Amino acid sequence: MTDELLARLERYYDTVPRRFARTEEHGPFTLFLGEPGGWVYYARPRLGGHGPFDAEAVASAMARLRALGLPGVVEWVHETTPTLLDAVRAEGSLEVEEIPLMVLPGELTPVELPPGVTVRMLTSADAGAVAAAAAASHVGFGAAGTARGDAGLRERDAAVKPASERVLSLLDEGAVRIAVAESETHGVLATGRTLPVDGVTEVMGVATLPSARRQGLGAAVTAALVEDARALGVSTVFLTASSEDVARVYSRIGFRRVGTGYAAERP
């Protein structure tokens, strides 16, 4: 992994959450302060900073987040900030999760859809599908892993809420791009999104209803997001896989592991 690519990813990690949260510099960290229950609420190493990262600095940043009513979470890329892992472990109260960091170096391997399923990008005119996508994501991430399960259409429909006006506005602006895999009979089965900025985007939030897994729907959604990003002129497409099993799925369609992300949070 080149220093240039690392720097590009770090700029992305610093830029995107600023759209959804205010920030506060705290020691060697930038704290992204979203609303409680919202999306952004974590500490990251300050862009361009080099520490020092020690247990005291980690404990201070986590205490500040908790004082604001937010979870104490810190995220980072190990290759960029290699000393932070030892500091987090020395702090002692956080559970550490290792997350494969993957980049698409070339073209995506073609993905074949099952009969009766199509994939499309959503717009703000698709408010119903946006709401169904959010519900499908909620159900999908509620059942970790890649195995098929019982949760499906009923659970998705029970979780549907009106589409957020904020999300619809971001779709209008092109700041958020959402793809869905859907069937004419059953509606949205899988979804994912990107937030392109300055020629870089992360494929995130890819989720499939457990009852619809093992059909390549997550890969098909990812392919649609990549095609959309390339059409927008995005040159760097990356993602973080939630597990080694998920990373293997992405590797089969062309993504390659280039580093390790970490997320640490108090249980």
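This text follows the structure it describes.
Residues numbered from 1 in each chain as written. Predicted model: local features only at pLDDT ≥ 70, side-chain atom pairs only at ≥ 80, totals over all residues. Heavy atoms only, no water.

### Quick look at the overall build of the protein
A count of helical and extended segments in the protein gives eight helices and eleven strands. Whereas a compact globule of 267 residues would reach a radius of gyration of roughly 18 Å, the protein reaches 19 Å, a difference of no more than 12%. Across its three principal directions, the C-alpha atoms of the protein cover 55 × 40 × 35 Å. Evaluated residue by residue, the protein yields a buried proportion of 48% over its 267 residues. For the protein, the proportion of contacts with a sequence separation of at least 24, taken over those separated by at least 6, is 70%. Accessible surface, the protein as shown: approximately 12,800 Å² in total, 50% of it carbon and sulfur. Placing the 26 positive and 34 negative side-chain charges of the protein at their respective mean positions leaves the two points 2 Å apart. (Helix = DSSP H or I, 4+ residues; strand = E, 2+ residues; numbered from the N terminus. Rg over C-alpha atoms; globule rule 2.2 N^0.38 Å. Buried < 20%, exposed > 50% of the residue type's maximum accessible area, 1.4 Å probe, protein only. Contact = heavy atoms within 4.5 Å. Areas by Shrake-Rupley, 256 points an atom, 1.4 Å probe, with all protein chains shown as cover. Lys, Arg positive; Asp, Glu negative; His and termini not counted. Charge placed at Lys NZ, Arg CZ, Asp CG, Glu CD.)

### Here's the deal with the side chain of T30
With respect to the element layout, T30 can be found in strand β2 (residues 29-33). Polar contacts involving the side chain of T30 include one to the side chain of E25, which spans 2.9 Å. Ignoring anything within four residues of it in the chain, the contact list for T30 reads R18, T23, E24, E25, Y42, A43, R44, P45 and R46. (Polar contact = N/O pair within 3.5 Å; in protein donor to acceptor, adjacent residues only side chain to side chain.)

### Some words on unusual backbone geometry
Peptide bonds are, in most cases, trans, and in most cases residues other than glycine have a negative phi. For D198, which is not a glycine, the phi torsion comes out positive at approximately 50°. Relative to the helices and strands, D198 resides in the loop between β8 (187-194) and β9 (200-208). Despite not being glycine, R214 has its phi angle at roughly 65°, a positive value. Along the polypeptide, R214 turns up in the loop between β9 and α7 (217-231).

### Quick notes on the pairing of strand β1 (residues 22-26)
Bridge count between β1 and β2: five bridges; the pairing is antiparallel. Across the sheet, the residue bridging to E24 is L31, located in β2. What sits between the antiparallel neighbours β1 and β2 is a turn of two residues, in which G27 has the positive phi angle 60°. (Pairing = 2+ DSSP bridges.)

### Structural notes on the environment of P105
Along the chain, P105 turns up in the loop between β5 (95-103) and β6 (117-121). When its relative accessible area of 65% is taken as the criterion, P105 is described as exposed. For the pair P105 and V237, spaced 132 residues apart in sequence, the C-alpha to C-alpha distance is 8.2 Å. P105 has contacts with G254 and R256, leaving out every residue within four places of it along the chain.

### A closer look at the nonpolar core
Ranked by size, the top nonpolar core spans 59 residues in total, and within it V237, F238, Y250 and F255 carry the most contacts. Counting residues per element, this core draws most heavily on α7, which supplies eight residues. Look past the residues within four positions of F238 in its chain and what remains in contact with it is L9, Y12, Y13, L101, M102, V103, V200, T201, E202, V203 and F255. Counting residues in hydrophobic clusters, the runner-up holds 20 residues, among them A43, A61, M62 and L94. (Core = buried A, V, L, I, M, F, W, Y, C linked by side-chain atoms within 4.5 Å.)

### Remarks on the pattern of salt bridges
Pairing between side chains of opposite charge can happen when their charged atoms approach one another. By the definition in use, this model includes 14 salt bridges. Of the charged contacts, one joins E98 and R257 as a salt bridge, the two residues approaching to 3.4 Å between their closest N and O atoms. With E98 in strand β5 and R257 in strand β11 (residues 256-265), this residue pair connects regions lying 159 residues apart in the sequence. Owing to a relative accessible area of 42%, E98 belongs among the partly exposed residues under this scheme. (Salt bridge = Lys/Arg side-chain N within 4 Å of Asp/Glu carboxyl O.)

### Comments concerning helix α1 (residues 3-15)
With 13 residues, α1 should cover 18 Å at 1.5 Å per step; its first-to-last C-alpha distance of 18 Å lies within 8% of that length. For α1, the full list of buried residues reads L5, L6, L9, E10, Y12, Y13 and D14. Contacts from the buried residues of α1 go to β2, β3 (41-45), β4 (73-77), β5, β9 and β10 (236-240). (Expected span 1.5 Å × (residues − 1).)

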